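Report on the structure
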Amino acid sequence: MLSIQEQGYSYDIRYAPVILIFAYLGPFAGIITGSFGLLARLYSSGHWDTAISGWAAMMIGFTIIYYFTKRYTPLIKSIILSSSYILIYIITVPIVFNVFRDNPFFHFQYILFVILGVILGFLLIESYVKLHRLNNRLSDMYRMVEASESKYRLIAENTSDLIMVMDKEHSLTYFSPSHEIVLGYQCCELEGVKLCRFIHPDDVALFQNMINRMFVSKELKSIEFRLNHKHGRWIEFESRCVPVSGDNGEVEHIVIISRDISERKKAEEILLQSEKLSIVGELAAGVAHEIRNPLTTIKGFVQLFKWENGADEINDLLLSELGRIETITSEMLTLGKPQAVALHRTNIRELVENTLELLSPQAHLENIQFNLCVEESPFFINGEKNQLKQVFLNVLKNAIEAMPEGGNIHIHLQKGEDGECVLTVQDEGCGIPEELLPRLGEPFYSLKEKGTGLGLMICNKIIKQHHGSITYQSKEQQGTLVEIKLPLVS
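What counts and how
Starting afresh in each chain, residues are numbered from 1 along the sequence in its written order. Per-residue local features are limited, in this predicted model, to residues with pLDDT of at least 70; the limit for side-chain atom pairs, both in listing and counting, is 80 or more; totals at the level of whole chains, interfaces and linings are taken over all residues. The side-chain values count all of the structure's non-hydrogen atoms but skip hydrogen atoms and water molecules. The helix and strand labels rest on DSSP assignments: H or I over at least four residues marks a helix, E over at least two residues marks a strand, and numbering proceeds from the N terminus. For the exposure calls, accessible area comes from a 1.4 Å probe over protein chains only, and a residue counts as buried if that area is under 20% of its type's maximum, exposed if over 50%, partly exposed in between. Contacts: residue pairs with any heavy atoms within 4.5 Å of one another. Each accessible area is a Shrake-Rupley estimate made with a 1.4 Å probe; only the visible protein chains count as cover when residues are assessed. Each Phe, Tyr or Trp ring (for Trp, its six-membered ring) is paired with any other whose centre lies within 6.5 Å, and the angle between the two planes then decides the class: stacked below 30 degrees, edge-to-face above 60, tilted in between. Following DSSP output, two strands are said to pair if at least two bridges run between them. Note on geometry: axes are C-alpha line fits, over the in-contact stretch for helices, and angles between N-to-C directions span 0 to 180 degrees.

A separate point is the overall build of the chain. Of the regular secondary structure elements, the chain holds 13 helices and 14 strands. Residues counted as buried form 38% of the 490 residues belonging to the chain. Within the chain, counting contacts between residues at least 6 apart in sequence, those at least 24 apart form 61% of the total. Of the roughly 29,400 Å² of accessible surface on the chain, 58% is carried by carbon and sulfur atoms.

Buried within helix α1 (residues 15-25) we find Tyr15, Ala16, Val18, Ile19, Leu20, Phe22 and Ala23. Just beyond α1, the residue with positive phi is Gly26, at close to 100 degrees.

Counted under the stated rule, the structure contains six aromatic pairs. Aromatic pair Tyr24 and Phe122: ring centres 6.4 Å apart, planes at 35 degrees, arrangement tilted. On the criterion of sequence distance, the pair formed by Tyr24 in helix α1 and Phe122 in helix α5 (residues 104-158) is long-range, its members being 98 residues apart. On the basis of relative accessibility, which here comes to 25%, the residue Tyr24 falls in the partly exposed class.

Here five strands make up an open sheet; going across it, the order is β4-β3-β7-β6-β5 and the pairing antiparallel. The two strands at the open ends of the sheet, each matched to only one other strand, are β4 (172-175) and β5 (221-228). Between one strand axis and the next, the sheet turns by 30 degrees as a mean value, whatever way the strands run. Here strand β6 (residues 234-245) runs beside strand β7 (residues 251-260); their pairing, made up of nine bridges, is antiparallel. Along β7, the bridge assignment pairs Arg240 with Ile257. Relative to β5, helix α8 (residues 201-217) is tilted by about 145 degrees, and along the sheet it contacts β3 (162-166), β5, β6 and β7.

Okay, the sheet that holds strand β12 (residues 420-426) next. Taken in spatial order, the five strands line up as β9-β11-β12-β14-β13 in an open sheet, and their pairing is mixed. The outermost strands of the open sheet, each flanked by one partner alone, are β9 (368-374) and β13 (469-474). Ignoring strand direction, the axes of neighbouring strands in this sheet form an average angle of 15 degrees. Here six bridges tie β13 to strand β14 (residues 480-487), and the two strands are oriented antiparallel to one another. Of the residues in β14, the one forming a bridge with Ser469 is Lys485. In this fold helix α11 (residues 348-365) packs onto β9, β11 (407-415), β12 and β14, with an angle of close to 170 degrees to the strand it touches most, β9. Against the sheet, helix α12 (residues 385-401) touches β9, β11, β12 and β14, its axis set at about 170 degrees to β14.

Set out below in structure tokens:
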């Protein structure tokens, strides 16, 4: 197919692919290609001796030339091999074998035909190679983009942060799947919805103003606002807003990355409360120390006056009030002065029973009945007896004082989960409004007329030192439940 029959000879370009194969793939592949070309040549026409001799000279010459030029580019090798082909052909065909020596135009056409084939083949090969390389680069780029997209999708779909994209109309054009986990909304419920619909009414104006300024100033901003959970509660978020410009240089979208900071806010409140308690403790200790000195003197003179003049109602009242002041100052000193706690293996059941024995006379006078229910298993903890007894006394006295008309106080001691013992004290008193329960334990906050609020505060401190917890549940006119959890030891 690569030859034209004329005057018993073939004008062919079978040597064009042979030259190109030598230039690109080397002698081994070139000789194989040349062998197929020789067989086709012998099959198509005569003059076998010329064809075979010329073929052998070409193969030997091309092989030698290849080893001297293999460091060159295929273009240079193709030029050198083509030049060698012309030289070998001129030497062997018209000179050695005396083929058409008197017709040089025939040989010129023959050589020109082959060189033209080499040029066209070289252009085709190089075009294919460049297309192949370009295709490989595009494939590599596509794989890189696909891998990058997969990584970003993996991050977006598994992060706990909220990632959303907002347009100029404040509508959401993208929202990460974490919205369903954090806020409880399905994807279909958020499509095309304006974000302001979910923001707390007090934060909407601030958010809108900041977003509108960002579309103009193109500056990154951070803001805190509250988003409404599907179940109705408000969650605080810290958001970083990033403007994204379009081809015209104007901001077209804003990417908002929001993180739930509710726990951080709680930690900050706890830290603030801790600092407040520390200051209150230092202040209380100083005040209590200053009060006790003159208080001792006053109490001593009142007792001396009572001893000299006999008991009367005024002296008893003064001594009672002075005793109350002394109790308050002792509590303030306990609050302000850190104490080293030595923990020992303690039977909490015995502590509870001893505490009930101490309070039984007062409970009997107030027409109050203690109902103790304890599991048979032992309850041993690492604790300091006196401090724990102080907690139980405080909790039970509060229960007694909440029941001026008498009633029952139910005390349950049982094993809880995770190796804990659970002590619950349930009274039938007036109860506490639910909105006030979070404030229990704050310094100087008390619902009693003459209370200081330091008792529960000290109880919280003691239980915390024992690695336990104390919680309160109450409703008005339904009594109060105090639950104390302490870790058990074997």
